[in-house]
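Given next are the chains, with one letter for each unit.
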Amino acid sequence: MTSSSGPGADRASKPKRRTFTAEYKLRIVAEYDAAPVGEKGAVLRRERLYHSHVIEWRTARDTGALARLSDHRTSPVRPRKHPAEAENAKLRRANERLRAEVDQRNAALEVPGKTHALLQSLSRSAD
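Residues numbered from 1 in each chain as written. Predicted model: local features only at pLDDT ≥ 70, side-chain atom pairs only at ≥ 80, totals over all residues. Heavy atoms only, no water.

Undergrad: How would you summarise the pattern of salt bridges if you had to cite specific residues and measurements?
TA: The tally for this structure, following the rule as stated, stands at 8 salt bridges. Put simply, Asp33 and Arg61 hold a salt bridge, and the shortest N to O gap is 3.7 Å. Here Asp33 is found in helix 1 (residues 22-34), whereas its partner Arg61 is found in helix 3 (residues 51-62), with 28 residues between them in sequence. We classify Asp33 as partly exposed; its relative accessible area is 34%. For Arg46, the salt bridge goes to Glu47, with nearest N and O atoms at 3.0 Å. (Salt bridge = Lys/Arg side-chain N within 4 Å of Asp/Glu carboxyl O. Helix = DSSP H or I, 4+ residues; strand = E, 2+ residues; numbered from the N terminus. Buried < 20%, exposed > 50% of the residue type's maximum accessible area, 1.4 Å probe, protein only.)

Undergrad: Explain the packing of aromatic side chains to me, using residue names and the numbers behind them.
TA: All chains considered together, the criterion is met by 3 aromatic pairs. Seen from their ring centres, Phe20 and Tyr24 are 5.3 Å apart, and the 10 degrees between their planes marks the pair as stacked. Here Phe20 matches Tyr24 in class, with each residue buried. Ring centres of Tyr24 and Trp57 lie 6.3 Å apart, and the angle between their planes is 75 degrees; this geometry places the pair in the edge-to-face category. Taken together, the positions of Tyr24 in helix 1 and Trp57 in helix 3 put the pair 33 residues apart, joining distant regions of the chain. Exposure class is identical for Tyr24 and Trp57. Each is buried. Site record: aromatic cluster; members linked through ring pairs are Phe20, Tyr24 and Trp57. (Phe/Tyr/Trp six-rings, centres within 6.5 Å; stacked < 30°, edge-to-face > 60°.)

Undergrad: Go over the packing of helix 1 against helix 2 (residues 40-47), please, and point to the residues and values.
TA: Interaxial distance between helix 1 and helix 2 falls to 8 Å at its minimum, and their mutual angle equals 150 degrees. Comparing their axes, helix 2 and helix 1 come out roughly antiparallel. Contacts between helix 1 and helix 2 involve Tyr24, Ile28, Glu31, Tyr32 and Asp33 from the first element and Lys40, Val43, Leu44, Arg46 and Glu47 from the second. Among the residues making up the contact of helix 1 with helix 2, the classes are represented as 5 nonpolar, no polar and 5 charged. (Axes fitted to C-alpha atoms, helices over the stretch in contact; angles between N-to-C directions. Parallel < 35°, antiparallel > 145°, perpendicular 65-115°, else oblique. Contact = heavy atoms within 4.5 Å. Nonpolar A, V, L, I, M, F, W, Y, C, P; charged D, E, K, R; others polar.)

Undergrad: Can you break down unusual backbone geometry residue by residue, with the values?
TA: At Arg48, a position not held by glycine, the phi torsion is positive, near 55 degrees. Structurally, the position occupied by Arg48 is in the loop between helix 2 and helix 3.

Undergrad: Please give an account of the side chain of Glu47 that cites residues and values.
TA: Note on placement: Glu47 falls in helix 2. Setting aside residues up to four positions removed in sequence, Glu47 forms contacts with Arg18, Tyr24 and Ile28.

Undergrad: An account of the nonpolar core is needed here, citing residue identities and associated values.
TA: Burial of nonpolar side chains together is a common tendency in soluble globular proteins. The biggest cluster of nonpolar side chains holds 9 residues, and these are Phe20, Tyr24, Ile28, Val29, Tyr32, Leu44, Leu49, Val54 and Trp57. Counting residues per element, the ones that place at least two in this core are helix 1 and helix 3. With near-sequence residues (within four places) excluded, Leu44 lies in contact with Tyr32, Leu49, Tyr50, His51 and Val54. (Core = buried A, V, L, I, M, F, W, Y, C linked by side-chain atoms within 4.5 Å.)

Structure follows, in structure tokens:
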């Protein structure tokens, strides 16, 4: 029996975690609560959800924690950057890091140059 996890195996990309908006969560909780007893499972199967999702979302709704129902990664407190802005910030950080490395190398190269000039001036004065 061969393993499909070898180096030559064609691996599928990592599955992405589903995210739900606050509006979606509230709509599903309302729909689930309004469904007749025998059809609550059908709502969960159709949406590919678990009963624990509904319990968690209902608890958050009932405690007034609507902020917990929104996706914090895209909330107004932390707006999502445009991809070009994120790339620019990344390039700026790389540029600053490279400038610091160049400055450090230049300082290190000055020492042997100054030493060489000092030794040449000493050897001329000794003549």
